[in-house]
Amino acid sequence: MAAHPHPLVVRARRLADDLLAPHAERVDQTQVPASHLAEIRRSGLLGLNAPREYGGAAAPGAVVRETTEILAGACCSTWFVQTQHHTPVLTLAKSEGPVRERLLARLASGELLSGVAYAHLRAYPRTPVRVTRDRGGWRFDGAVPWYTGWGLNDVMMLAGVTDADEALFAFTEAREQPGLRASDPMHLAALTAARTVSLELDGLWLPEEAVALRTPYDRWAAADRLKTVNANPAAFGVAEAALPFLDEETAAPLRARLSEVRGRAYALAADAAPHERVAERLALKTQAYEVLQAATTAAVVSAGGRSMLLTNRAQRLAREALFLLVQGQTRESRTAHLAALTS
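First, a word on scope: everything that follows refers to the structure included in this document. Everything quoted here is computed from the prediction, not taken from an experiment.

Looking now at the side chain of His-85. Secondary-structure assignment places His-85 in the loop between α5 (76-83) and α6 (86-94). Of the polar contacts made by the side chain of His-85, one reaches the backbone nitrogen of Ser-114; its length is 3.0 Å. Those residues in contact with His-85 that lie beyond four places of it in its chain are Leu-46, Leu-107, Leu-112, Leu-113 and Ser-114.

Here it is in structure tokens:
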């Protein structure tokens, strides 16, 4: 940490130490409490990426990465609910539609918490959600396989593909309404507490004024691929959280390897243009996964039989590591990871 850390880093650390980490095992077995999210709303962290003119912090990348590590290492379920919020903020910041003025300041302040429903776009040319013109607005039909934060979020950013092969993103309230129905929350191997559901869309109608982005699918996909090739700071945060389970002899080489991979990955993210050195970024992402798996596996081994209890912290971290292996996964990242595993 820098000699004079950013105020949001200080707030994230305080939240992690005083609230998130002490209750993480209980949250893991229940659900992310509204009180946790209320503290995150008050902290200013939901405005991390928002423009200053809308009340946000416009924080540099290093601060975004550090706060991600801190929150994910303390309680990955809580981190995952709030991390959904930042993509809608960034999307609105670049939008020119009226929805920007209606929502961006409220999202930046934490008055509203947003979820996202767009990962299914990566299945293209399959189109799980189709969007068609209807009554001066847009009609959504299909199925969203994964939506996190149901019952916790206020709004959602929903995406689909139009008949003209455009990616279209629009905002609506995160609740059941005509044309939108949610499944029961899924019981998952990890992060069940984040309240992930599937959504059935059958004629959900949204006005033109709700649209934040409409762009050719290929253009959106090219930008999306560049975002998913970097190592996820959450992986370093969860790996770091596993090290206290180990004696110093065991922890030292893992700590050194974590520091080395993190340093290289962050330097690349900060210094190179997003489209440069993609193969190296993917290799470092895979190496981050290797450190994550090694650290959390070592924590389980060190904890012994106790780690088979669902309430054991080492076991929770190991399950969260499994989740991070597939979170935000694309065909490109999957191929690179499998190649590394079988080389």
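What follows covers the pairing of strand β2 (residues 129-134). In this sheet, strand β3 (residues 137-148) lies alongside β2 in antiparallel orientation, the contact comprising 6 bridges. If you follow Val-131 over to β3, its bridge partner there is Phe-140. Connecting β2 to the next strand, β3, in antiparallel fashion are 2 residues, including Arg-135 with a positive phi near 50°. Two strands pair when backbone bridges link them, and β2 and strand β4 (residues 155-162) are joined in this way by 2 bridges, in the parallel orientation. Its bridge partner being in β4, Val-131 is matched across the sheet by Thr-162.

On to unusual backbone geometry, then. Omega for the bond connecting Tyr-124 with Pro-125 falls within 30 degrees of zero, at 20°, which places this linkage in the cis form. Locating Pro-125 in the fold gives a position in the loop between β1 (114-117) and β2. You will see that Asp-165, though not glycine, has its phi angle at about 55°, which is positive.

What follows covers the environment of Ser-183. Looking at the element boundaries, Ser-183 is found in the loop between β6 (180-182) and β7 (196-207). Sequence spacing of Ser-183 and Val-197 is 14 residues, and the spatial spacing of their C-alpha atoms is 5.5 Å.

It is worth spelling out empty space enclosed by the protein at this point. With the rule as written, the count across this model stands at 2 cavities of 30 Å³ or more. Estimated volume of the largest cavity: approximately 70 Å³. Taken together, Leu-282, Lys-285, Thr-286, Tyr-289, Leu-325, Gln-327, Gly-328, Gln-329, Ser-333, Arg-334, Ala-336 and His-337 make up the lining of the largest cavity. Looking at the lining of the largest cavity, the elements with two or more residues in it are α11 (278-303) and α13 (331-342). Residue composition of the lining of the largest cavity, by class: 4 nonpolar, 6 polar and 2 charged. If you trace the second largest cavity, you find it lined by Leu-45, Leu-48, Thr-67, Thr-68, Leu-71, Trp-79, Gln-82 and His-86. The set of elements that each furnish at least two residues to the lining of the second largest cavity consists of α4 (61-74) and α5. Here the lining of the second largest cavity gets 3 residues from one element, more than from any other, and that element is α4. Along the lines of polarity and charge, the residues of the lining of the second largest cavity split into 4 nonpolar, 4 polar and no charged.

So, about α5. Helical periodicity: at 3.6 residues per turn, an α-helix aligns residues three or four positions apart in one direction. Burial of α5 is extensive: 7 of the 8 residues sit out of reach of the surface. Buried within α5 are the following residues: Cys-76, Ser-77, Thr-78, Trp-79, Phe-80, Val-81 and Gln-82.

So, on to a positive patch on the surface. The grouping of Arg-126, Arg-225, Arg-331 and Arg-334 at the surface amounts to a positive patch. Within the element layout of this structure, Arg-126 appears in the loop between β1 and β2.

Moving on: the layout of surface pockets. Taking a probe equal in size to a water molecule and rolling it over the atoms shows the remaining empty space. Within this model, the second largest pocket holds a volume of roughly 480 Å³. Arg-13, Glu-69, Ile-70, Gly-237 and Glu-240 are, among the 23 residues lining the second largest pocket, the residues nearest its centre. Mapped onto the lining of the second largest pocket, the elements with two or more residues apiece are α1 (7-20), α4, α9 (233-242), α10 (248-271) and α12 (313-326). In terms of residue count, α4 provides more of the lining of the second largest pocket than any other element does, 7 residues in total. Residues belonging to the lining of the second largest pocket are distributed by class as follows: 12 nonpolar, 2 polar and 9 charged.

Cut-offs used in this document
- Residues numbered from 1 in each chain as written.
- Predicted model: local features only at pLDDT ≥ 70, side-chain atom pairs only at ≥ 80, totals over all residues.
- Heavy atoms only, no water.
- Helix = DSSP H or I, 4+ residues; strand = E, 2+ residues; numbered from the N terminus.
- Polar contact = N/O pair within 3.5 Å; in protein donor to acceptor, adjacent residues only side chain to side chain.
- Contact = heavy atoms within 4.5 Å.
- Pairing = 2+ DSSP bridges.
- 1 Å grid on protein atoms, 1.4 Å probe; cavity = no way out; pocket = protein on both sides within 12 Å on 5 of 7 lines; lining within 4 Å.
- Points joined across faces, edges and corners; volume = space filled by probe spheres on them.
- Nonpolar A, V, L, I, M, F, W, Y, C, P; charged D, E, K, R; others polar.
- Buried < 20%, exposed > 50% of the residue type's maximum accessible area, 1.4 Å probe, protein only.
- Patch = residues over 30% accessible without salt bridge, like charges linked within 9 Å, V, L, I, M, F, W, Y side chains within 5 Å.
- Areas by Shrake-Rupley, 256 points an atom, 1.4 Å probe, with all protein chains shown as cover.
- Salt bridge = Lys/Arg side-chain N within 4 Å of Asp/Glu carboxyl O.
- Lys, Arg positive; Asp, Glu negative; His and termini not counted.
- Charge placed at Lys NZ, Arg CZ, Asp CG, Glu CD.

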